[in-house]
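An overview of the molecular structure
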Amino acid sequence: MLFPGLLLGQCPDVLPTSDFSMNFCNFPFAWEKTKGENMSVGILAYRNNDQPDWSSGIQKLIPASVVEHYAMSDFLNKTFDENDVQVILISNEVEAGDYDRFLTAVDYYKDIPVVLPAYFGTMKGDRDYSGWRNFLISASRHGAIIAGSHGDFYQLGDLSFWKTIPVDIFAVMGREIDGFQAMMPEYKIEKNLENSSYLVAGAVALLKSINPSYSNYRIKQLLNEKSRKVFWSLIEIPQGEQGTQLVIPHFDKDYLGKFEDDYIKKTERNVYEARSLDLMTLFDFRCPDFGGWCFESLNIEEAQEKSTGKGVVVAILDHTFNKNHEALKNRIVSPVSFIEGEPALSNRSDHGTDMATSLVAVAPDVKIMPIVITGRERWGETDLFIKGINYAVENGADIISCSQMAIKGDQKGLDEAIGKATLKGVSFVYINYGGEKEEVLVPSPIEFRSTNDDQDVIYVIGTNFRDHESPITWGVSHTAPVVSGVIALLKEPRPDLQPEEIKQILLRSTKNSYDGIPILDSNKALKHILD
């Protein structure tokens, strides 16, 4: 009974990890075939204290492997035993005086893939990198695998650089955040761009572990042919006197995800395209995109054999609900907008429609109450949140789902509204809750567990929600309608369940991730109330 178009077939019961980059690049799918048996990765640096902390990261990517550190001089002088290393990762920028010796060494160790980051440091655009660019071109011709980073937020970096070098594969840079932040232009690539190269080295090692005879050129070919295409567009956000120009990545060539807002100027679409590392396609797994991994892990299909959310009303506090979309058609009750000029229902899809889509994928027979509380540059206004909550309660909502940013102020006022709702048996699910009401359910992608260690959090997978969005979409928003949908499955057979009861049921209805973090299991939750 899953929503049409979301789950198109079965994938293995692959549990996620709690690491953003591993999940985003789909490494757990590769582990179904290999964990890097008989692989040794050598990390090369000029000086030991210059080496980035990649060892533990690589070890997680290829659990059965060995990771060793070597001096760059061992490689340049061709003095280390090639039988000891199956993959080489360069962790320092090659010095200009060593370019020729480096190319000679790549030729000498012709059966060992050499992963070379395309850029070292933070890209600020004020460097004359013509010499480095020419070196990268030569290194690629000699068989080195050139790794680039598209970051996990907005900035690709200097396009004049990326457009003129032969990057074999881009990989997403790992997430290190202090909480769920609103998507603001000041988020740019500020880390060293080589910090995603260890992901490429891990993928190459996994490939070599099951195909030891693969040449470097064959691996380069596979990375190009079997990875996910990613596009970049230039946009301008009207911030400040001059506005802010950004280069943003997206997977759908014709859709910029969250940046398809009317007030954002699309300076140039699809100005650049390349390949983004994806182990699922690299290892020929056919798994549903856009939430499929999440729904599989939550045992949604099995739960739907017992309940579909029939008779349950879910209010979604959001913006832009497409009344003609399959997720909303014939499900709408009591729509309303609290923003002047922003209709409750429209003929176009955006965030609110996406949230409705995820909700009905979990609970296909729910009714949806669209409540517009954001939009037209009005975001995080507490009074609109309060109006939306009060309206939902007064008009018969059983659950309120909110996938919006943190409020700007008056937490006490919001908590009072939430308190009134929960007293009437209405569950409130909010991704950015910062108050003290214990009945509120805070869902989170498992990849963000460290941001909520001080809360009782309902964990689901986030990184699989990125089919019609962009590489910066981690699925934070989607966690609220997914958890709300599971609550709807519980409320159909037991409409008398109270918010605190529901929260406790969900917190104890879990299974562990690959690395031991509790993930929601919807079928277990139903068994708690049906058995």
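Figured I'd write up the structure that's included with this text. (Residues numbered from 1 in each chain as written. Predicted model: local features only at pLDDT ≥ 70, side-chain atom pairs only at ≥ 80, totals over all residues. Heavy atoms only, no water.)

1. Re the environment of E436
The condition is simple: Here a strand is any run of E in DSSP of at least two residues, a helix any run of H or I of at least four, and the numbering for each starts at the N terminus. Categorising residues by exposure relies on relative accessible area from a 1.4 Å probe, with only protein chains included: less than 20% of the type maximum marks a residue as buried, more than 50% marks it as exposed, and the intermediate range marks it as partly exposed.
Secondary-structure assignment places E436 in the loop between β14 (427-430) and β15 (442-445). Since its relative accessible area comes to 73%, E436 is described here as exposed. Residues E436 and D415 lie 21 residues apart in sequence; the distance between their C-alpha atoms is 7.5 Å.

2. Brief notes about the nonpolar core
Heads up, the rule is: Only buried residues count toward a nonpolar core, which is a set of Ala, Val, Leu, Ile, Met, Phe, Trp, Tyr and Cys residues joined through side-chain atoms within 4.5 Å. Should any heavy atoms of two residues lie within 4.5 Å, those residues are considered in contact.
Of all hydrophobic cores here, the largest spans 173 residues; its most connected members are F27, F75, F102, W162 and L506. Apart from the residues lying within four places of it in its own chain, the contact partners of F102 are F75, L76, I90, V94, V114, L116 and F135. Counting seven residues, the second-largest nonpolar core is a separate cluster that includes L246, L256, F259 and I264.

3. A closer look at the environment of G396
Its place among the elements puts G396 in the loop between α14 (382-394) and β13 (399-402). Classification of G396 as partly exposed rests on a relative accessible area of 38%. Beyond its immediate chain neighbours, meaning those up to four positions away, G396 contacts V313 and M369.

4. Things to note about helix α15 (residues 411-423)
Our working definition: To estimate the expected span of a helix, subtract one from its residue number and multiply by 1.5 Å.
Helix length check: α15, at 13 residues, gives a terminal C-alpha distance of 18 Å against a target of 18 Å (1.5 Å per residue), a fit within 8%. Taken residue by residue, α15 has G413, L414, D415, A417, I418, G419, A421 and T422 as its buried positions. Structurally, α15 contributes buried residues whose contacts are with α14, β14 and α17 (499-507). Two residues or fewer past α15, G425 is found with a positive phi of approximately 85°.

5. Focus: the pattern of salt bridges
Our working rule: A pair is scored as a salt bridge if a Lys or Arg side-chain nitrogen falls within 4 Å of a carboxyl oxygen belonging to Asp or Glu.
One pass over the structure, following the stated rule, counts seven salt bridges. Between R101 and D98 there is a salt bridge, and its shortest N-O distance comes to 3.1 Å. The class for D98 is buried, based on a relative accessible area of 9%. For R348, the salt bridge is made with D350, and the minimal N-O distance between the two is 3.9 Å. A relative accessible area of 8% places D350 in the buried class.

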